[in-house]
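Structural overview
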Amino acid sequence: MSKDLRIYTPLDDLEFDRGQEVTLDFEGRPLRGFTREPVAVALFAAGQPLLARSLKYHRPRGMFCVRGVCASCVMRIDGVPGVRSCQVLCREGMRVERQGGLSSTQNDLMSAADLLLSERFEYHGLLTRPRALNKAMQSMVRRFVSSQRLPDGERRPRGIKTLEADVAIIGAGPAGLSAALAAQGAGAEVLLVESEPRVGGRLVHDVDVQPAFSNDFAGQRGFEVAHGARKILEQNGARILCDTTAVGFYAEGLIGLAGPEGLSTLHADKLIFATGAYDQNRTFPGNDLLGVFSAAGVARLINLYGICPAVRCYIYGSDDTALSLALRLLKIGVRVMGVVEPGETITGSREVALTVQDHGVPLFLNYGLESARGRLKLKAANFVPHGPGGESLYNRVDMLAVSQTPAPAFEIAAMAGAAVKYDRAAGGFAVQVDSTGATSVEGCYACGQVVGLHRMDQIVDSARRAGLAAAGG
């Protein structure tokens, strides 16, 4: 495991603080990691992108979003199965195992199902009678779909804590931070809950200056804004819970939280949902191969963790995330074969698109991805024009960065009873709010991407209004 994909030289004055070097136990072999680096990132940097196998056809699974919402990176860590390894930081002696293989995950005998049975195998209705035969069949099915071993050792439940706040905000990305600053400025006691190990959301991997935050953080880059906002909030008494997930909303008005210290219940006078959005994949054959990432996930690998993710790649989509990524990849020596847009027009900044072209990256409009090719890892991509004329684009690549409108993370808001509506432009079901950010549930507000906004200035503006309204300002 001598391969190392880490970037060790400063990139645009950005130095990567990985923390202390540690050694992981990766299936009985030593693997190098760092204390500020997630397990999945350490494996990827060492040339080990395969993390698990899918349940039904045992197809390969690796990182996609690199932010803990897609479940493609689940592994067994320190004896606990189903852990999202892109969100767990490395520790000395940590035991890491891949999931899902019958013989081994790397050379999984059950992956033959993908070749032999494909979509024709539907085991749910097989051998339902007689009972004895069904029992044997179910035992085989459980093995086939890779049911994991229970956690090692005895794990005792901890006591449930109770938390209270004037204004509680679920999500600490740009919307959550902006809402928290506004609510705190209006005199409210603020509690901020974030599922990731750090606050900032999309800000923490953003190296561009954020004009939407210029009033408070003029000329600062995204990750600097996130750090500065947290410092202000904590200096003024806000409580921030990272690595903590809101797992349920209950009829009594309580939010259930799961974090490092166990379970907690949260009661707040006012509640703001700033849960952001999920990275989405596009639909094409081979979209689950190792090497297919969300464009934002690739940006996280480069800007947050200092990883060079590929040698040659395509970018599928032409929004601002895709165009910014193209320039970033060029700076670290990755050959970008093209930015391919399935529609007839570029969806991101025209100015940035021209800059991308000036750097030698071709832009292709009105092309669809016929297939991503490879057995275990991505080997090539084939794009075809939608209309008459034009030539197919076929090239050998080891990465495909997919940029698609993120889907609003509406679930916890809907659980609370907030009205949601499907909005194609928003990327999915968006929470419905009025001009102040109020939802259909009294005392509950929502802002940012969860209400269908994706431009940073719109996100921040909606969050400020929600924060002020929740604080009674």
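Before going into details, it helps to say that this report is about the structure given with it. (Residues numbered from 1 in each chain as written. Predicted model: local features only at pLDDT ≥ 70, side-chain atom pairs only at ≥ 80, totals over all residues. Heavy atoms only, no water.)

1. Notes on the overall build of the protein
Rule in force here: Each helix is a run of DSSP H or I of at least 4 residues and each strand a run of E of at least 2, with the numbering of both proceeding from the N terminus. Throughout, the radius of gyration refers to the C-alpha atoms, and the reference size of a globule is 2.2 Å times the residue count to the power 0.38. Each residue is assigned to one of three classes by its accessible area relative to the maximum for its type, calculated with a 1.4 Å probe on protein chains only: buried under 20%, partly exposed between the two thresholds, exposed over 50%. Residue contacts are counted whenever heavy atoms from the two residues lie within 4.5 Å of one another. The accessible surface values rely on the Shrake-Rupley method and a 1.4 Å probe; as for residues, cover is taken only from the protein chains in view. Charge counting treats Lys and Arg as positive and Asp and Glu as negative, with His and both chain ends excluded. To locate a charge, the coordinates of NZ of Lys, CZ of Arg, CG of Asp or CD of Glu are taken.
What the protein contains, in helices and strands, is eleven helices and 26 strands. A compact globule built from 473 residues would reach a C-alpha radius of gyration of about 23 Å, and the protein, at 23 Å, matches this within 12%. Expressed as a percentage of its 473 residues, the buried residues of the protein come to 51%. Taking contacts inside the protein between residues at least 6 apart in sequence as the whole, the part at least 24 apart equals 60%. For the protein, the exposed surface amounts to about 22000 Å²; the carbon and sulfur share of it is 51%. One finds the centroid of the 51 positive side-chain charges in the protein at a distance of 8 Å from the centroid of its 49 negative side-chain charges.

2. Focus on the pattern of salt bridges
Definition in use: Counted as salt bridges are all cases of a side-chain nitrogen of Lys or Arg within 4 Å of a carboxyl oxygen of Asp or Glu.
For the coordinates displayed, the defined rule picks out 20 salt bridges. Here Asp288 and Arg61 are joined by a salt bridge, their closest N and O atoms 2.9 Å apart. Note that Asp288 is positioned in the loop between β14 (277–278) and β15 (292–294) and Arg61 in strand β4 (residues 60–61), a separation of 227 residues in sequence. Take Arg61: its relative accessible area is 21%, and that puts it in the partly exposed class. One salt bridge in this structure joins Arg300 and Asp279, with 3.0 Å as the shortest N-O distance. One end of the pair, Arg300, is in helix α7 (residues 295–304); the other, Asp279, is in the loop between β14 and β15, and 21 residues separate them in sequence. The same class applies to Arg300 and to Asp279, which are both buried. When salt bridges with common partners are traced through the structure, they connect Asp4, Arg6, Arg18, Glu21, Arg32 and Glu37 into a single cluster.

3. Re unusual backbone geometry
Unlike most non-glycine residues, Ala71 shows phi in positive territory, near 65 degrees. In this structure, Ala71 sits in the loop between β4 and β5 (74–77). Here Asp243, not a glycine, exhibits a phi torsion of approximately 55 degrees, which is positive. Turning to its location among the elements, Asp243 is positioned in the loop between β10 (239–241) and β11 (245–249). The partly exposed category is assigned to Asp243, whose relative accessible area is 36%.

So yeah, pure geometry; function would need other evidence.
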